[in-house]
Amino acid sequence: MEVELRGITKRFGPVVANSDVNLTIRPGEILGLLGENGAGKTTLMNILSGLYRADEGEIIIDGKTVDFDGPGDAIAAGIGMVHQHFMLVPVFTVAENVVLGVEPVGALDRLDIEAARRQVTDISTQYGLEVDPNAIIEEIPVGLQQRVEIIKVLFRSADVIVFDEPTAVLTPQEVTEFFGIIRSLRDAGKALVFITHKLHEVLEVADRISVLRAGQIVGEGDPKTSTDAELAELMVGRPVRFTVEKSPRKPGETVLDVKDLHVLNERDEVAVDGVSFEVRSGEVVGIAGVQGNGQTELVEAITGLRMPIEGTIAFEGHDITRASARERHRSGMAHIPEDRQRSGIIGTFNIAENMVLDTYYDDRYSSGINLRWPDIYRSTAEIVTDFDVRTNSVFSLANHLSGGNQQKLVVARELSRDIKMMVASQPTRGVDVGSIEYIHKRIIESRDEGDGVLIVSTELDEIMGLSDRILVMFRGRIVAEFEGGKAGIQEIGLAMAGAGAAA
Amino acid sequence: MTVNDRIDKATGDLLKRAVVTRFEIEELVVVPIFAVLIALLLGGLTMVATGVDLPTIGLSYASLLQGSVGSLNAISETLTSAAPLTLAGLGIALGFRAGLFNIGAEGQLLIGGMAAAVVGFSLQGVPLVIHLPLALVAGMAAGALWASIAGWLRAATGAHEVISTIMLNLISFRLVDYLLRNPPIQRPGRSDPISKSILESSELPALLQWLDPNLRIHAGIILTLIVVFVVYWLLFRTTIGFEFRSAGANPDAARYGGMRSGLIIVSVMAVAGALAGLAGANQVLGVLGRASPGFSAGIGFDAIAVALLGRGHPVGVLFAGLLFGALEAGGRNMQVGAGVSIDLITIIQALIVVFIAAPMLVRTLFPFAFAKRGNQREGS
């Protein structure tokens, strides 16, 4: 089944999300649809899957123009979508989820769960998507949940499958498995669209690449001949640097001194188990490690959101082990939180309100209990301009910003005040390449001004690119330390996996 | 243009406020109007279904209008009913903004009213300028303390405020009964539960009795307008309100911003309780002149609907309070004028809330009243 999108234009009020987009999706081929956050990828695919209706243009399937009046029509026409956020019932089994809405029924409308299981197993074996049809969704890992989403789409006999940022939630190993799956689907003759903003993934798996920028197709690429740099330039509209330019560090006084820290997690298990390290002014210390090895709890303890059970934290020579988060902010500690959606921003607040989320009480922004909004607005506008947060107005809701711009908003808030230490957790997670480059540049600038910087990231490239010293965390302990620029990815990778930690 | 000029211009552009869109106007004005219309229509159908003939239905709606805005007396009644609904509604709306669902306004109103009554009848020989404010403050303080119990339980133990405020309501009903049956509160010589009458120096002054002694409107409506402004200021212009709203919109982000969630929860409940307590004081000092069992008359529950209808915004709550006040005043007139049960008003109130809560339904029912728009919201 060949699908052609011709001249698609979609507007939301004054915002043009897609403008005269032409795209062809062919069977037996993986089309990589590349673009920054907010470039209009998801809108385009929502038009294809019947969720939105295009203002102009048409969808042509096998030479015939079709008109989708809702997602049902698109599914009937054989177009399936695997969303970034899964649409599964957590307490149902795999088989129940797959057949939900199109259940096989016996006499008197009785649910024939046996038939459902059988059908699920058939699809599993046919496409090599191994999964136990009786497993409960909430008990299986994310990678398997994604498989269930794929089986769901196949069960509805889709010939065109759209994957919206499918790798965002997967571990590196699951990503490799996922690539295997979509290759086998391609070989089975399905037409596949792979939406992403990660360059190396699209280069690895796509047969053809289309790049979307500001709602328009700005170029096509051949994965065999294109390079990262070419695609990134198409995506962002200017050349992008992948490596961070930085001068050698000039370490000064110790800013942060952590000694023998023990921290519990929500389940009262030891998450941080006797960690000691220090961060000096003018240096970047990176903490590498696989997600869930105590980094989250360590950062929360340092920033005052979680009280340690043992050990001390000193900031500029003062003991802050029991200090509140507010006291730490005021003494010059900045914090870029791990999950901006959960704790970094308030989506229903406007940009100005978010900009003062942890400084609103400051003399600059309030007199007594009276907030001085005019000052807040003016200052926000300056910071937004300075940090290149793309928005039309400081009164826009934070929800309406793309992920990259939300993160720039958080970085701007934290770096625009006078700080001595920055704790950045996953500073570029889910952020497009243009913004990553910018955020990294700002972090290094902060270091060069003499701030101490602690970066916690699961992206090894990021850690290696930014850090002057690298610590590796495994099961709540620091198991290895490397000098930045001297350690190889292999050595660090091994330490992250716990090699040599047995001692 | 120099670089600095360009930056100034970019900054200036960012400071332009977005124009209010047609969609927002529709949501705020057109939807409520049609919700009221359709609720009245369905109310009429309810009357038909219960065997009321058409002329009587017409007469009932005429008396509803007449009794709510048809005369000076009607307007006086409407405003008198609207004041406590708005005051208590403001407290509940404040709770919504901070993510707390306070069902306890009824109990807070009773406790606040009791305290106002006690101060109102106890202080002999104090001038009005001192006595009245004291009585009002007593009402607010008692309501605040009562509500803080639920706030403290939530902050310290995690007990959900919906449950604890409901339970506190039940306790307050019996507590008020008990107090009213015992000295020093019970009126001497009475065996039924009723308090002494408040002294004239603690009464909220009637505003228009020089025109006609039947006009019940009193200074409480002015107080209400002031409180609407104060709550607006508190929520949107102060650091305290910023903390309340942050904690309501995203508790994790509030904690990250260095706000203390426990303190916020207790303060929000206290302010909400103070407003409900003020509503109770308003009734005792402005309308009833004494406390009796159940003098709250369900105002604390109707106020939940008022807060929802007002979309948690102080000005919205004022309009919702006026609407409910008008329905109440008109409803009483309808009962007298057309002999239709006042319960019908409850049905109409409920229907209005249902339709306002479901704007899409109203849009579907009256497509001609709304501008056509592209489907769904902004995407990425």
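Residues numbered from 1 in each chain as written. Chains lettered and ligands numbered in written order. Predicted model: local features only at pLDDT ≥ 70, side-chain atom pairs only at ≥ 80, totals over all residues. Heavy atoms only, no water.

Undergrad: Account for the interface of chain A and chain B, with residues named and values stated.
TA: At the interface, 50 residues of chain A touch 33 residues of chain B. Buried area between chain A and chain B, both sides added, is near 3,500 Å², and the carbon and sulfur share of it is 59%. At the junction of chain A with chain B, the criterion picks out two salt bridges. One salt bridge in this structure joins E353 of chain A and R245 of chain B, with 2.8 Å as the shortest N-O distance. (Contact = heavy atoms within 4.5 Å. Buried area = accessible area lost by both parts, 1.4 Å probe. Salt bridge = Lys/Arg side-chain N within 4 Å of Asp/Glu carboxyl O.)

Undergrad: How would you explain unusual backbone geometry if you had to name every residue and give the values?
TA: Only a minority of non-glycine residues have a phi that is not negative, and only a minority of peptide bonds are not trans. Residues P183 of chain B and P184 of chain B are joined by a peptide bond in cis, for which omega reads 5°. Within the element layout of this structure, P184 of chain B appears in the loop between α7 (161-180) and α8 (220-237). In this structure, D62 of chain A takes a positive phi of about 45° despite not being glycine. Structurally, D62 of chain A can be placed in the loop between β4 (56-61) and β5 (64-66). A positive phi angle is found at E165 of chain A, which is not glycine, with a value near 45°. Taking relative accessible area as the criterion, E165 of chain A reaches 8% and is therefore assigned buried. (Helix = DSSP H or I, 4+ residues; strand = E, 2+ residues; numbered from the N terminus. Buried < 20%, exposed > 50% of the residue type's maximum accessible area, 1.4 Å probe, protein only.)

Undergrad: With reference to specific residues and values, describe the sheet that holds strand β12 (residues 270-280) of chain A.
TA: Residue and element names in this part refer to chain A. Overall, antiparallel pairing links the four strands, which are arranged β12-β11-β14-β15 in an open sheet. The open sheet has two edge strands with one neighbour each: β12 and β15 (318-319). Across eight bridges, strand β11 (residues 254-264) lies against β12 in antiparallel orientation. Following the sheet pairing, T254 is matched in β12 by R280. In the packing of helix α9 (residues 295-303) onto the sheet, contacts are made with β11, β12 and β14 (310-315), and the angle to β11 comes to roughly 125°. (Pairing = 2+ DSSP bridges. Axes fitted to C-alpha atoms, helices over the stretch in contact; angles between N-to-C directions.)

Undergrad: Talk me through the pairing of strand β3 (residues 29-35) of chain A; I want residue IDs and the actual numbers.
TA: Residue and element names in this part refer to chain A. Burial analysis of β3 places seven of its seven residues in the buried class, which makes it a mostly covered element. Covered by surrounding structure in β3 are E29, L31, L33 and G35 together with I30, G32 and L34, the residues of both alternating faces. As paired strands, β3 and strand β8 (residues 191-196) are joined by six bridges and run parallel to one another. Within β8, the position partnered with L31 by the bridge is V193.

Undergrad: An account of the sheet that holds β5 of chain A is needed here, citing residue identities and associated values.
TA: All names here are of chain A. The strand order across the open sheet formed by four strands is β2-β1-β4-β5, and the pairing between neighbours is antiparallel. Two strands close off the open sheet at either side, each with one partner strand: β2 (15-25) and β5. The average angle at which neighbouring strand axes cross in this sheet is 30°, direction not considered. Where β4 meets β5, three bridges bridge the pair, whose relative direction is antiparallel. Within the sheet, the bridge partner assigned to I59 lies in β5 and is V66.

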